[in-house]
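Below, each chain spelled out in residue letters.
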Amino acid sequence: MANEQDIYEEHVLDHYEDPFHRGPLDDATHADEGKNPLCGDVIQIALKLDDEGRIREAWFEGEGCVISQASASMLIEKVEGKTVDEVKDFSAEEMLELFGPKLTPNRQKCCLLSWRVLQSALHSPIDGEADADADAAGGSPRFGGPSLSEES
Amino acid sequence: MANEQDIYEEHVLDHYEDPFHRGPLDDATHADEGKNPLCGDVIQIALKLDDEGRIREAWFEGEGCVISQASASMLIEKVEGKTVDEVKDFSAEEMLELFGPKLTPNRQKCCLLSWRVLQSALHSPIDGEADADADAAGGSPRFGGPSLSEES
Amino acid sequence: MTFDPHQLRDDFPILRRTVASGQPLAYLDNAASTQRPQVVIDAMSDCYQNYYANVHRGIHTLSEESTAAYEAARVTTQHFLNARSSREIVFTAGTTAGINTVARSWGHANVGRGDVILVTIAEHHANIVPWHQLAEAVGCRVEFLPINQSGTIDDSVVAQALKTHRPKLFAFTATSNVLGTNFPAQSWTEMAHRSGAAVLVDAAQAAPHEVIDVQQWDADFVVFSGHKVCGPTGIGVLYAKLEHLEAMPAFLGGGGMIQTVTTEGFTATEPPEKFEAGTPPIAEAIGLAEALRYLQRVGLDNIRQHENALCQRADQALRQIEGVDVLGPMPDLKGGIVSFTMDRIHAHDIAQWLDTRGVAVRAGHHCAMPLHDVLGKTASARASFYLYNTVEEVDRFIEAVQEVRKKFASKGRRRRRPPVTNA
Amino acid sequence: MTFDPHQLRDDFPILRRTVASGQPLAYLDNAASTQRPQVVIDAMSDCYQNYYANVHRGIHTLSEESTAAYEAARVTTQHFLNARSSREIVFTAGTTAGINTVARSWGHANVGRGDVILVTIAEHHANIVPWHQLAEAVGCRVEFLPINQSGTIDDSVVAQALKTHRPKLFAFTATSNVLGTNFPAQSWTEMAHRSGAAVLVDAAQAAPHEVIDVQQWDADFVVFSGHKVCGPTGIGVLYAKLEHLEAMPAFLGGGGMIQTVTTEGFTATEPPEKFEAGTPPIAEAIGLAEALRYLQRVGLDNIRQHENALCQRADQALRQIEGVDVLGPMPDLKGGIVSFTMDRIHAHDIAQWLDTRGVAVRAGHHCAMPLHDVLGKTASARASFYLYNTVEEVDRFIEAVQEVRKKFASKGRRRRRPPVTNA
Ligand SMILES: Cc1ncc(COP(=O)(O)O)c(C=O)c1O
Ligand SMILES: Cc1ncc(COP(=O)(O)O)c(C=O)c1O
């Protein structure tokens, strides 16, 4: 079991209080939004892709627990400038590593929310249909652990 | 718990092999039939009541386990000549006593089948509707213990 | 017997443990599920070790013994609820299964297009979704009673709604699992009956904490769960008036609930077996009966009083912490539940921090999304008390909430630049 | 590991006991329900004593631990069945609940007026009544495959029925709980799929006794019960292909199975939670997983072989007793079940007498009335074997059956006149 005291280490709280690129992106080419019903967390991600398939700019907005918001900030900071292929290769495990503190399975869902939204945003051009392969995957990629059911 | 070896004491097997008034009763005034879904036991009882409300003759037919058939024989032998009121007063506990060997709850159902059918036969004149109070009681009186559900 | 929570704690082995952080456990998540005393665990082990067999259906010794124990559990439950007959007690998989049984069986037979099911906005999803499903199936409507500012519902609002909607069924919780509000089961049932509505009382949060007398309530249906009354998971109770159980069509089909089966069709047997298709939760029923006896030995009035004292203490202290918003009514109108939010701090961060202090609370919408919607919250944190909680645990809880404020307060922190990578 | 039933018996505390008559227990009622090894009882006690909380929904230590254990149980079950994904594993209350879920959810969505559900005449009521109920609700028909003289069904009969009826669903048991007949799950599934039918396999009597590979069977739905695989009561498993679970409408409504709930309606969440409304059987899932691991340690192939040897011995000896009629096929075509009747002796008298000898068998229609109808029997006696049964127990069983013949044979007994009373 993780020692939860470490979850809120300074690095995390810094991102929570002073997030990277939190706000709207007016000329976004791709965007998507996702929810984590466990916490009621919401994350919107907006991307500007250039012609070479590189992320020129990435912004997020959202509401939720420290983990969901801080991890979104870390992720957005990380992927700016990367190519679409590089981002697609970025795995859930790498996302958890990027976040840092070890998380229990339930809190991993919070951390992976922005990662999940980013992956589906790549398949969601702003004026157009979602890509075929995103549809086939049920709209958003799946990852391990218990699925995203609600809590009580 | 009962010692089941005693259930099949000679007295019981005698009734099973040489039952009292087993067979049809041609000029019956009252009759009914019942089933015990637990064992698939069936008992039909036919009565001839006289004008004073006395059971002049009682006969039974049926199929089933030793307990259901032997107890029916004992009951029929017992009630011939009794008044309807006397029979109505004859309780489930007295029936179990009449049978003799102590029975576990499940086997009590077998033993009480003929008692149940007798009670409802009293309310079932052969040409006519069932009495109102029998209907109100759901057709057959209830007794204690688990209800008559099926087995598997 | 004098009531001493410290002494009662010894009955519950799990309360001796520590949590991940090494702190001793203060289990304040009782509204989600309670813990079990050793006697309940032992009763189930004893069944499996000494007399288990399938019930009802066999005539060998073990089957007779387990049938007797299973039926005795039904009688214990009957007495716990003061039902007229043990035949009014149906063992189900839980509260949720019980409400679904009523919705699918009684509902489909008695509710039609345009009819109304009246519920409160404070219901658990278990008492909302089955009615939405019924609405989808038969075209009825689900109407919601609003709560007032103080987290309760005035009788006049109930009366008006009964008059306006003439519902077929009024389904409400006896105690809200979020607000803690106690709704008056007996008087609401009387009002509903006068207007011609049947009544279902969700007693999931009431059965653990108060003496229930279904004859006094006079409700048509009452449901609760084993795991919330110190009993096992996998079992719940549906009480229904015998006349309903007799008139209602069977719900699940299978062994045990039939009179006859042919290639052409089937006939159902009598209640309660009619509603217990398949092998029932045998060991669970035996464990549940032991739990009910345990609660009765401790005394439900004692439990209620004790919880209320803890709730008062927690409530008062929480209201003094800056930025804390306590949901629901003042303690005298509620059971042992305190839900709250903190300004700009997410409920999950509260719960997570409290866990580091050994304090187990829930955070989320507690399966009551419509209620959180009208409260304007996405989530709340909830502490819920039971017989084994102590004043010391309440104080640890309050202290930890105070720490949360300090930990997550804005401090003008700055994100550090990431190390420049050469990728 | 060498297979030794005498040694395995030590794992099962209940096997040490005697019955009412004082005789040691020979438990031959395993088709109704099996007994539990101590490890299974311990796994559940351990959960309640050391880490129990409600699952999925909390972020405190206990809830994390019990959620992890509950989800690990799902993975264990997935591997037991060789399912593609743990998301294909739904925990239900039992086989009966599983089949009802398929009938109400998949059935109502996919079966309409005039459609056919094909079953065999050898089904348990759990795999008949839900289809009768579906027929009542949507106007489909239920067609029954007959058995032949030897208690089996020829593939050609299946092929013909598939061609004639073009069923929407072919629902059959992998092993008859009366005849013991093994039906070929894999080849019948293939035949059914070729004719466009979906397939449900009732594995209640197969899961305890053989390695199941749902991918090899390729069936759409497979169900079994915890209590028949050395696991607890109150739990069962519904396996379904993920595509079905995703397409099927939710069944029971409540907490855990929703994405959102408003006053207007609800949206369901993903499988498997979509089909697990309410607090699930948490301790039961953990106990079930322990039971599955136990069976795998012992080895399902060993179990099957052992049972078959016992069955052979019992079958042969029974056929030599005058007046005994053994139902179903010869032992090489069946699992460890021997059902029989005795000329002019009721099955319940057989079972009752055997109980005096410590031998526990079932008697009745075994929830298979349509089968008994075509066999022309009202009831039969059934001995069913499991891993802990021994050759000695089989011999005690046979000896007791021989006694039955003597005890109940006609002896020209005469009823004694009752004492003359003066009433
Ligand atoms: C073949 C078969 N199907 C279904 C069932 C029903 O199982 P349960 O009673 O556990 O729901 C049984 C056992 O009784 C069975 O033998
Ligand atoms: C008021 C209320 N109703 C219903 C339920 C559902 O109970 P279960 O999950 O045991 O079916 C709960 C508990 O979660 C509850 O608090």
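Criteria and cut-off values
- Each chain has its residues counted from 1, following the order in which its sequence is written.
- A letter from A marks each chain and a number from 1 marks each ligand, given out in the order of writing.
- Confidence filtering applies because this is a predicted model: local features only for residues at pLDDT of at least 70, side-chain atom pairs given and counted only at 80 or more, and all residues used for totals across whole chains, interfaces and linings.
- Side-chain numbers here rest on the full set of heavy atoms in the structure, without hydrogens or water.
- Domain ranges listed in this record stem from an automatic or a database domain assignment.
- Note on definitions: a residue-residue contact is assigned when non-hydrogen atoms from the two residues lie within 4.5 Å.
- A quick way to say it: buried area is the sum, across both parts, of accessible area lost when two parts are put together, with a 1.4 Å probe.
- Here, a salt bridge means any Lys or Arg side-chain nitrogen found within 4 Å of an Asp or Glu carboxyl oxygen.
- Paired strands are those between which DSSP finds at least two bridges.
- Put simply, DSSP H or I for four residues or longer makes a helix, DSSP E for two residues or longer makes a strand, and each gets a number counted from the N terminus.
- The axes are straight lines fitted to the C-alpha atoms, using for helices just the contacting stretch, and the angles between their N-to-C directions are given from 0 to 180°.
- Only a single heavy atom is needed: when it lies within 4 Å of a molecule or strand, its residue is near that molecule or strand.
- Polar contacts, as used here, are pairs of N or O atoms within 3.5 Å; protein pairs need one atom able to donate a hydrogen and one able to accept it. Residues neighboring in sequence count only if both atoms are side-chain atoms.
- Areas reported here follow the Shrake-Rupley algorithm with a probe of radius 1.4 Å; residue values treat only the protein chains shown as occluding.
- Any residue outside Ala, Val, Leu, Ile, Met, Phe, Trp, Tyr, Cys, Pro, Asp, Glu, Lys and Arg is labelled polar, Gly included; the first ten of those are nonpolar and the last four are charged.
- Points on a 1 Å grid over protein atoms alone make up a cavity when a 1.4 Å probe fits among them but cannot get out, and a pocket when they form an open set with protein on both sides within 12 Å along at least five of seven lines; lining residues each have an atom within 4 Å of a point.
- Grid points are joined across faces, edges and corners, and a volume is the space filled by probe spheres set on the points.
- Least-squares fitting of one copy onto the other uses the C-alpha atoms of those residues that reach a pLDDT of at least 70 in both copies.
- Roughly parallel means an angle under 35 degrees; roughly antiparallel means over 145; roughly perpendicular covers 65 to 115; every other angle is labelled oblique.
- Here a crossing is taken to be left-handed if its near helix is turned anticlockwise relative to the far helix by less than a right angle, and right-handed if that turn runs clockwise.
- For the exposure calls, accessible area comes from a 1.4 Å probe over protein chains only, and a residue counts as buried if that area is under 20% of its type's maximum, exposed if over 50%, partly exposed in between.
- We define a nonpolar core as any set of buried Ala, Val, Leu, Ile, Met, Phe, Trp, Tyr and Cys residues linked to one another through side-chain atoms lying within 4.5 Å.

The next subject is the domain arrangement of chain C. Residue and element names in this part refer to chain C. Domain assignment breaks chain C into domain 1 (5-30 + 299-408) and domain 2 (41-297). Here domain 1 and domain 2 have C-alpha centroids that lie 28 Å from each other. Facing the 33 residues of domain 1 at the interface are 32 residues of domain 2. Regarding the contact of domain 1 and domain 2, the summed buried area is about 2,500 Å², with carbon and sulfur atoms giving 62% of it. Of all residues in domain 1, the largest losses of buried area upon contact with domain 2 belong to Leu300, Leu371 and Tyr386, amounting jointly to 24% of the total for that side. Our count for the contact surface shared by domain 1 and domain 2 stands at one salt bridge.

Residues and elements named next belong to chain D. The strand order across the open sheet built from seven strands is S2-S8-S7-S6-S5-S3-S4, with neighbouring strands paired in mixed fashion. The open sheet has two edge strands with one neighbour each: strand S2 (89-92) and strand S4 (141-145). In this sheet, neighbouring strand axes are inclined to one another by 20° on average, regardless of whether the strands run parallel or antiparallel. As paired elements, S2 and strand S8 (residues 236-240) share four bridges and run antiparallel to each other. The residue of S8 that forms the bridge with phenylalanine 91 is valine 237. Sitting on the sheet, helix H3 (residues 61-81) touches S2, strand S7 (221-225) and S8, and the angle it makes with S2 is about 115°. Relative to the sheet, helix H5 (residues 129-138) contacts strand S3 (116-120), S4, strand S5 (169-173) and strand S6 (198-202), its axis offset from that of S4 by approximately 145°.

Glancing now at the site of ligand 1. Around ligand 1 sit 14 residues, and of these Thr96(D), Asp202(D), Gln205(D), Ser225(D) and Lys228(D) come closest. Residues close to ligand 1 are split across chains C and D. Asp202(D) places a side-chain nitrogen or oxygen 2.5 Å from a nitrogen atom of ligand 1. A distance of 2.7 Å separates an oxygen atom of ligand 1 from a polar side-chain atom of His227(D). Here ligand 1, which alone exposes 390 Å², has 99% of that area covered by the protein.

Next up on the list: the interface of chain C and chain D. On the chain D side, the residues contacting the 88 residues of chain C number 88 residues. Surface buried jointly by chain C and chain D totals about 6,500 Å² across both partners, of which 59% is contributed by carbon and sulfur atoms. Here Arg17(C) makes a salt bridge to Glu65(D), at a shortest N to O gap of 2.9 Å. Along the contact surface separating chain C from chain D lie 49 residue pairs in polar contact (both at pLDDT 80 or more). Ranked by the residues each element gives to the side of chain C that touches chain D, the list is headed by helix H2 (residues 38-51) of chain C, at eight residues. Of the residues contributing to the side of chain C that touches chain D, the split by class is 42 nonpolar, 34 polar and 12 charged.

To continue, consider empty space enclosed by the protein. One pass over the structure, following the stated rule, counts six cavities of 30 Å³ or more. Looking at the second largest cavity, its volume works out to about 100 Å³. Lining the second largest cavity we find Ile41(C), Met44(C), Ser45(C), Tyr48(C), Ala283(C), Glu284(C), Ile41(D), Met44(D), Ser45(D), Tyr48(D) and Glu284(D). Of all elements in the fold, only H2 and helix H10 (282-298) of chain C together with helix H2 (38-51) of chain D reach the threshold of two or more residues within the lining of the second largest cavity. Along the lines of polarity and charge, the residues of the lining of the second largest cavity split into seven nonpolar, two polar and two charged.

On to the relation of the copies chain C and chain D. Mapping between the two copies of the chain is achieved by a rotation about an axis and a shift along the axis. Of the transformation superimposing chain C on chain D, the axial component is 0.0 Å and the angular component is 180°, with the fit at an RMSD of 0.0 Å. Both chain copies can therefore be described as sitting about a two-fold axis. When C-alpha positions in chain C are compared against the rotation axis, the closest is assigned to Gly234(C), at 2.7 Å. Here 100% of the contact residues of chain C are again contact residues in chain D; the copies associate through an equivalent surface.

Moving on: the packing of helix H12 (residues 347-356) of chain D against helix H14 (residues 391-408) of chain D. All names here are of chain D. Direction vectors running N to C along H12 and H14 enclose 120°, while the axes themselves pass 9 Å from each other. On the basis of their axis angle, the class for H12 and H14 is oblique. Judged by the sense of rotation from one axis to the other, the crossing of H12 with H14 is right-handed. Seen from H12, the contacting residues are Asp349, Ile350, Trp353 and Leu354; seen from H14, they are Phe397, Ala400, Val401, Glu403, Val404, Lys407 and Phe408. Taken together, the residues of the contact of H12 with H14 sort by class into eight nonpolar, no polar and three charged.

The subject of this paragraph is the pairing of strand S12 (residues 337-342) of chain D. Residues and elements named next belong to chain D. For S12, the buried fraction is high: six of the six residues fall into the buried class. What you see with S12 is no split at all: Ile337, Ser339 and Thr341 on one side and Val338, Phe340 and Met342 on the other are buried throughout. Across three bridges, strand S11 (residues 324-326) lies against S12 in antiparallel orientation. Bridged to valine 324 within S12 is methionine 342.

Lining the immediate environment of ligand 2, one finds 14 residues, of which Thr96(C), Asp202(C), Gln205(C), Ser225(C) and Lys228(C) sit closest. Neighbouring residues of ligand 2 are not confined to one chain but are distributed across chains C and D. In the environment of ligand 2, an oxygen atom lies 3.0 Å from a nitrogen or oxygen atom belonging to the side chain of His124(C). Taking Lys228(C), its side chain carries an N or O atom lying 2.7 Å from an oxygen atom of ligand 2. Of the residues in the shell around ligand 2, the class split is two nonpolar, 10 polar and two charged.

What follows deals with the side chain of Lys377(C). Residue and element names in this part refer to chain C. Within the element layout of this structure, lysine 377 appears in the loop between helix H13 (369-375) and strand S15 (380-384). Side chain to side chain, lysine 377 and aspartate 325 meet in a polar contact 2.8 Å long. A distance of 2.9 Å separates a polar atom in the side chain of lysine 377 from a polar atom in the side chain of threonine 341. Lysine 377 has contacts with Asp325, Leu327, Thr341 and His372, leaving out every residue within four places of it along the chain.

What follows concerns the nonpolar core. Among the nonpolar cores identified, the biggest contains 238 residues, and Trp131(C), Phe170(C) and Trp131(D) are the most heavily contacted of them. Not counting the four nearest positions on each side in its chain, Phe170(C) is found in contact with Leu118(C), Leu145(C), Val158(C), Leu162(C), Trp188(C), Ala192(C), Ala197(C), Ala198(C), Val199(C) and Leu200(C).

With that out of the way, let us pick up the sheet that holds strand S14 (residues 362-364) of chain D. Residue and element names in this part refer to chain D. Across the sheet, which stays open at both edges, the four strands sit in the order S11-S12-S15-S14 with antiparallel pairing between neighbours. This sheet does not close on itself; its edge strands, each paired only once, are S11 and S14. Mean inter-strand twist for the sheet, computed between neighbouring axes without regard to direction, equals 30°. Judged from the three bridges that link them, S14 and strand S15 (residues 380-384) form a sheet pairing that is antiparallel. By the bridge assignment for S15, glycine 364 is matched with serine 380.

So, on to the packing of helix H1 (residues 10-17) of chain A against helix H2 (residues 66-79) of chain A. Residue and element names in this part refer to chain A. Between H1 and H2, the shortest axis-to-axis distance is 8 Å and the interhelical angle comes to 85°. The orientation of H1 with respect to H2, classified from their angle, is roughly perpendicular. Together, His11, Val12, Leu13, His15 and Tyr16 of H1 and Val66, Gln69, Ala70, Ser73, Met74 and Glu77 of H2 make up the contact between the two elements. By residue class, the composition of the contact of H1 with H2 is six nonpolar, four polar and one charged.

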